[in-house]
Amino acid sequence: GGGGGGGGSGSSSAQRRATEQLLDLSPYLNRSAPRVPHTCSVLRAYDMFRSLGLRHLCVVDECNRPVGVITRKELLDEKLAERLDHLSGRTFDGFRRPS
C-alpha cells in the first residue's frame, strides 16, 4: 500500500498550508522608522547611523516605498568610516576636529 516512504507528499501539503496562512504584522510596524531616499548621499546616511546609533536604515523611493536596507555593518566598515569621518570633519572616534 501507501505506507512505505510516502511522507514527502504529506509534508509538501503541510508546507503549502503553512505558507498560505497570513499573519497581521501591523501591530509590530514602526511607521516612523528612520529612512532615507534612494538618492541620499553616503555621507548623510553615515551621519544618521552615527548620530542615531542605528543598526539598519530603510531606503525608500519617490513614493516612500521600501527599496532596500542599509546595515550598520555595511556602512561602518573601518576604511569607509575613516574616509567619511575625514569628509564630515570628524576624527575617527566621532569627535569634531577643531576648525
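Presented here is an overview of the structure given in this document. (Residues numbered from 1 in each chain as written. Predicted model: local features only at pLDDT ≥ 70, side-chain atom pairs only at ≥ 80, totals over all residues. Heavy atoms only, no water.)

**Quick notes on the packing of helix α2 (residues 42-52) against helix α4 (residues 78-88)**
For any two helices packed against each other, the geometry comes down to the angle between their axes and how far apart the axes lie. Contact pair α2 / α4: the axes reach a minimum separation of 10 Å and the direction vectors enclose 100°. Of the possible angle classes, the one that applies to α2 and α4 is roughly perpendicular. Where α2 approaches α4, its residues Val-42, Leu-43, Tyr-46, Asp-47 and Arg-50 are matched on the opposing element by Ala-81, Leu-84, Asp-85, Leu-87 and Ser-88. (Axes fitted to C-alpha atoms, helices over the stretch in contact; angles between N-to-C directions. Helix = DSSP H or I, 4+ residues; strand = E, 2+ residues; numbered from the N terminus. Parallel < 35°, antiparallel > 145°, perpendicular 65-115°, else oblique. Contact = heavy atoms within 4.5 Å.)

**Topic: α2**
When α2 is considered as a whole, its buried residues turn out to be Ala-45, Tyr-46, Met-48 and Phe-49. When α2 is viewed along its axis, its buried side chains cluster within an angular range of 155° and face the same direction. On its buried face, α2 sits against β1 (35-37), β2 (56-60), β3 (66-71), α3 (72-75) and α4. Gly-53 sits one or two residues past α2 and shows a positive phi near 65°. (Buried < 20%, exposed > 50% of the residue type's maximum accessible area, 1.4 Å probe, protein only. Arc of directions from axis to C-beta.)

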